[in-house]
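Structure assessment
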Amino acid sequence: MKKVIIQGSSRSNGHTNQVAKLIQKELECDLIDLKNYQIGQFDYDFKNRQDDFLPLIRKITDYDLIMFLTPVYWYSMSGLMKIFFDRITDCLKIEKETGYRLRGKYMTAISCGSEKKATEGFFVPFELSAQYLGMLYLGDLHTWIEKDKPDQEVIHSVQRFIQQLTKAIKNAQV
Ligand SMILES: Cc1cc2nc3c(=O)[nH]c(=O)nc-3n(C[C@H](O)[C@H](O)[C@H](O)COP(=O)(O)O)c2cc1C
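Our subject in this report is the structure included herewith. (Residues numbered from 1 in each chain as written. Predicted model: local features only at pLDDT ≥ 70, side-chain atom pairs only at ≥ 80, totals over all residues. Heavy atoms only, no water.)

1. Structural notes on the packing of aromatic side chains
To describe a pair of aromatic rings, you give the distance between the ring centres and the angle between the ring planes. If you walk through the whole model with that rule in mind, you get twelve aromatic pairs. On the numbers, 5.4 Å between centres and 65° between planes, the contact of phenylalanine 53 with phenylalanine 84 is edge-to-face. One end of the pair, phenylalanine 53, is in helix α2 (residues 53-60); the other, phenylalanine 84, is in helix α3 (residues 79-87), and 31 residues separate them in sequence. Judged on exposure class, the residue phenylalanine 53 and its partner phenylalanine 84 are both buried. Seen in terms of ring centroids, phenylalanine 84 and phenylalanine 85 are 6.3 Å apart; in terms of plane orientation they differ by 85°. Their pairing is edge-to-face. The exposure classification of phenylalanine 84 matches that of phenylalanine 85, with both residues buried. One cation-aromatic arrangement involves lysine 2 over tyrosine 63; the distance from NZ or CZ to the ring centre is 4.6 Å. (Phe/Tyr/Trp six-rings, centres within 6.5 Å; stacked < 30°, edge-to-face > 60°. Helix = DSSP H or I, 4+ residues; strand = E, 2+ residues; numbered from the N terminus. Buried < 20%, exposed > 50% of the residue type's maximum accessible area, 1.4 Å probe, protein only. Lys NZ or Arg CZ within 6 Å of the ring centre and 35° of its normal.)

So this is what it looks like as structure tokens:
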């Protein structure tokens, strides 16, 4: 099973990336950093069709488990991540075969904020998008970094989450 983290932070080596590294300690998976790609906003005339989005989403559909990892910016997913989701619309309109390839894939979402308290409804767009795309949503996790490093509680919650995720995938495959 091929697994990938899609990181959507405005800095490549910030707090969200620290959470990505915690996940990678527990689970063998690749990391795609959206910051390394030129992805324009959704355009009704698909004027951005030549940018990095379509080649990137084609590559992502090779994975079986897609883990969206975003910082919390203003109680919501980052702009980078939101643009990525908006652009999935391209796969429903001008490249449907790529959209179909997302069906049956596993999705999960992880947030990283500065506050321990998760924002109510934060993960609703991920879960509903998974449903719409025919993906199997395997739950989500809120993490936080108050100072420079994740504390033990966060480290343990990531470990538990990955264990549960692995179990859920095994059960779904039986
Ligand atoms: C533009 C912006 C908005 C933020 N809004 C929130 C917020 O609503 N809730 C929260 O807990 N933290 C918020 N934060 C803090 C970040 O979520 C937190 O520092 C996160 O760990 C940053 O990850 P990064 O280093 O990958 O950007 C915000 C930070 C920025 C830069």
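2. Topic: the site of the ligand
Taken together, the neighbourhood of the ligand is formed by 14 residues, with Ser9, Arg11, Thr16, Val72 and Tyr73 sitting nearest. Between serine 114 and the ligand, the recorded distance is 3.1 Å, taken from a side-chain N or O atom to a nitrogen atom. Taking 640 Å² as the accessible area of the ligand by itself, protein coverage stands at 74%. Secondary structure elements with two or more residues in the shell around the ligand: α1 (15-26) and β4 (106-113). Broken down by class, the residue content of the shell around the ligand amounts to six nonpolar, six polar and two charged. (Near = heavy atom within 4 Å. Polar contact = N/O pair within 3.5 Å; in protein donor to acceptor, adjacent residues only side chain to side chain. Areas by Shrake-Rupley, 256 points an atom, 1.4 Å probe, with all protein chains shown as cover. Nonpolar A, V, L, I, M, F, W, Y, C, P; charged D, E, K, R; others polar.)

3. Considerations on the environment of tyrosine 44
Mapped onto the elements, tyrosine 44 comes out in the loop between β2 (30-33) and α2. As a C-alpha pair, tyrosine 44 and alanine 172 span 128 residues in sequence and 37 Å in three-dimensional space.

4. Some words on the sheet that holds β2
Overall, parallel pairing links the five strands, which are arranged β2-β1-β3-β4-β5 in an open sheet. Edge positions in the open sheet fall to β2 and β5 (136-144), since each of these has one partner strand only. Strand-to-strand twist in this sheet, taken as the mean axis angle between neighbours without regard to direction, amounts to 20°. Relative to β2, strand β1 (residues 3-7) is paired through four bridges, and the arrangement is parallel. By the bridge assignment for β2, isoleucine 6 is matched with isoleucine 32. Its contacts with the sheet put helix α7 (residues 152-173) on β3 (65-71), β4 and β5, and the angle it makes with β5 is roughly 175°. (Pairing = 2+ DSSP bridges. Axes fitted to C-alpha atoms, helices over the stretch in contact; angles between N-to-C directions. Contact = heavy atoms within 4.5 Å.)

5. As for the nonpolar core
Generally speaking, a soluble globular protein has its nonpolar side chains buried in company with each other. With 29 residues, the main nonpolar core has Ile66, Phe68, Phe84, Phe85 and Phe126 as its most contacted residues. Those elements giving two or more residues to this core turn out to be β1, α2, β3, α3, β4 and α6 (124-133). The biggest single contributor to this core is α2, with five residues. Excluding anything up to four places from it in sequence, phenylalanine 84 contacts Leu34, Ile39, Phe53, Leu56, Ile57, Ile60 and Phe68. Counting 22 residues, the second-largest nonpolar core is a separate cluster that includes Leu69, Trp144, Phe161 and Ile162. (Core = buried A, V, L, I, M, F, W, Y, C linked by side-chain atoms within 4.5 Å.)

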